Amino acid sequence: MQILDKMIGKLLKRGELTIIGPDGTEHRYGSPDPELKPVTVRLADNRAAIQIVKDPALGTVEAWMDDRLRIEQGDILDLVCLIRRNSRWEERPGRSKWKPKTSRLRHYLNTLNSRVNAKKNVVHHYDVGNEIYRTFLDPDMQYSCGYFTDPGNSIEQAQLDKKAHVASKLCLEPGQRVVDLGCGWGGLALYLNRVADVDVLGVTLSKEQLAVARQRAADAGVSDRVKFELMDWRDVEGPFDRVVSIGMAEHLGTAYFETFFQKVKELLTPDGVSLIHTMGRMGKPGTTDRFMQKYIFPGGYLPSLSEMIVASEKARLIMADCEMLRLHYVYTLRAWYQRFKANHDEVVRLADERFYRLYAFYLAASSTMFSDGGMCVYQLQYLRSRDAAPMTRNYMIETEQRYSELAESPVEIPAQVALG
């Protein structure tokens, strides 16, 4: 407790945190802050304190998962917000002392996503069961950052607006062939077919996602135009008029950035257009923290903009547009967290209390990565030829509005598919 007391005392200036040690002694830190809720935690034993000192993020969540760290005032989101706000990315002079740095060699090996490793890592995260994802996602099962044209919008509206925003940057024409690399449960592929009259191939490494996506295409009567395959992105064969990838670049690993962008170029027709939507980091290249690597996204890494630019330059792809979504994932993750929390009993029924705590921490910690940490979302539009898109960006605004008017509300996935 002495080491933990000293560490937290240096870190915490804003907000109120009370830690009750194993002997019942209270340790108080910080000062009142109207933006932060007071939090009280109780440590069941000295081992919990040692875990937190050794690795704050991983140690905290493992102690909480094992019920050796108990939150008596506030919840896990309040606790993570309190810690992260005291080390905000744009306000700190250098690397946070709260999160130990992962070695570059360990990072490289952990994110070496060969075909075998990529398959195994996808199964680890996405095949935990469609039922779990239904407890916090919108009915269309969009598992990526929404687009909040108004912070007060529902997550359903934000995800519908996200699809219109993405589609507007693809310069779609009826009859074109589109490939969706990392298609999830098929929502975007079905949307593009519906609003733009295009043929879409979606690829995924998740059997559970594939089953749902194919069933949705069959139910919509478009299986001949919207197809889904269980396939590694490296094995896709083109050409395609358009390449879209939403939330897959995070699973590439630094060793495969150049390979990925070269593959995008190979897949595109000479006048092709690609849109890459990915979580990323606002600063220089970094590493993935041990908690995410161990429990949530093995093999995962959020790339810096510089890493993507260097890799795409080597493929001679032209970045025609770059947009950063700064706060949209904060609203998205907060909505997911609240839904997940409200479905506590259902999650415990499907899994157990330990799993619930794991994913509650994951969603809470992720939201603070975007509100106070160094993470953001990038949307990068690439061309093979400099004249493949209009000279000005006006077409994006006009097309987005048209798609928003055309799009119907997403049809909820049938229970017999999503839940069994």
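Residues numbered from 1 in each chain as written. Predicted model: local features only at pLDDT ≥ 70, side-chain atom pairs only at ≥ 80, totals over all residues. Heavy atoms only, no water.

(A) Summary view of the pairing of strand 8 (residues 240-246). Within strand 8, six of the seven residues are buried, which leaves it mostly tucked inside the rest of the structure. Across three bridges, strand 5 (residues 177-181) lies against strand 8 in parallel orientation. By the bridge assignment, Val178 is partnered in strand 8 with Arg242. Bridge analysis of strand 8 against strand 9 (residues 268-281) gives six bridges, and the strand direction is parallel. From the neighbouring strand, Ile246 faces strand 9, where its bridge partner is His277. (Buried < 20%, exposed > 50% of the residue type's maximum accessible area, 1.4 Å probe, protein only. Helix = DSSP H or I, 4+ residues; strand = E, 2+ residues; numbered from the N terminus. Pairing = 2+ DSSP bridges.)

(B) Structural view of the sheet that holds strand 1 (residues 15-20). Sheet architecture is open: four strands sit in the order 2-1-3-4, paired in mixed fashion. Each having just a single partner strand, strand 2 (26-31) and strand 4 (69-73) make up the two edges of the open sheet. Strand-to-strand twist across the sheet, computed as the mean angle between neighbouring axes with direction ignored, equals 20°. Note that strand 1 and strand 3 (residues 39-43) share four bridges and pair parallel. Across the sheet, residue Leu17 finds its bridge partner in strand 3, namely Val39. Where helix 1 (residues 2-11) meets the sheet, it contacts strand 1, strand 2 and strand 3, and its direction lies at approximately 15° from that of strand 2. (Axes fitted to C-alpha atoms, helices over the stretch in contact; angles between N-to-C directions. Contact = heavy atoms within 4.5 Å.)

(C) A look at the side chain of Gln293. Tracing the sequence through the fold places Gln293 in helix 12 (residues 290-296). When neighbours within four sequence positions are excluded, Gln293 is seen to be in contact with Asn110, Thr111, Thr288, Pro298, Gly299 and Gly300.

(D) View of the packing of helix 8 (residues 155-168) against helix 9 (residues 187-196). For the pair helix 8 and helix 9, the least separation of the axes is 11 Å and the interaxial angle reads 65°. Note on packing geometry: the crossing formed by helix 8 with helix 9 is right-handed. Taken together, the residues of helix 9 that come into contact with helix 8 (itself represented by Leu160, Lys163, Ala164 and Ala167) are Gly187, Leu188, Tyr191 and Leu192. A breakdown of the residues in the contact of helix 8 with helix 9 according to their chemical character gives six nonpolar, one polar and one charged. (Left-handed = near helix turned anticlockwise from the far one by under 90°. Nonpolar A, V, L, I, M, F, W, Y, C, P; charged D, E, K, R; others polar.)

(E) Up close: the packing of helix 2 (residues 46-54) against helix 3 (residues 56-65). Close contact between helix 2 and helix 3 brings their axes to 5 Å; oriented N to C, the two are set at 150°. Classified by the angle their axes make, helix 2 and helix 3 are roughly antiparallel. Between helix 2 and helix 3, the residues in contact are Ala48, Gln51, Ile52, Val53 and Lys54 and Pro56, Gly59, Thr60, Glu62 and Ala63, respectively. (Parallel < 35°, antiparallel > 145°, perpendicular 65-115°, else oblique.)

(F) Main features of the sheet that holds strand 6 (residues 199-204). Reading across from one edge, 7-6-5-8-9-11-10 is the order of the seven strands in this open sheet, with mixed pairing throughout. Each edge of the open sheet is held by one strand with a lone partner, namely strand 7 (226-230) and strand 10 (318-325). Strand-to-strand twist across the sheet, computed as the mean angle between neighbouring axes with direction ignored, equals 15°.

(G) Here's a closer look at the environment of Glu91. Inspection of the secondary structure puts Glu91 in the loop between helix 4 (76-85) and helix 5 (104-110). On the basis of relative accessibility, which here comes to 52%, the residue Glu91 falls in the exposed class.

(H) Focus on the confidence of the model for the protein chain. Averaged over every residue, the pLDDT of the protein chain is 91; residues scoring 70 or more account for 92%. Within the model, the stretch residues 414-420 combines pLDDT values under 50 with 14 contacts to residues more than four positions away or in other chains. (pLDDT = per-residue confidence, 0-100.)

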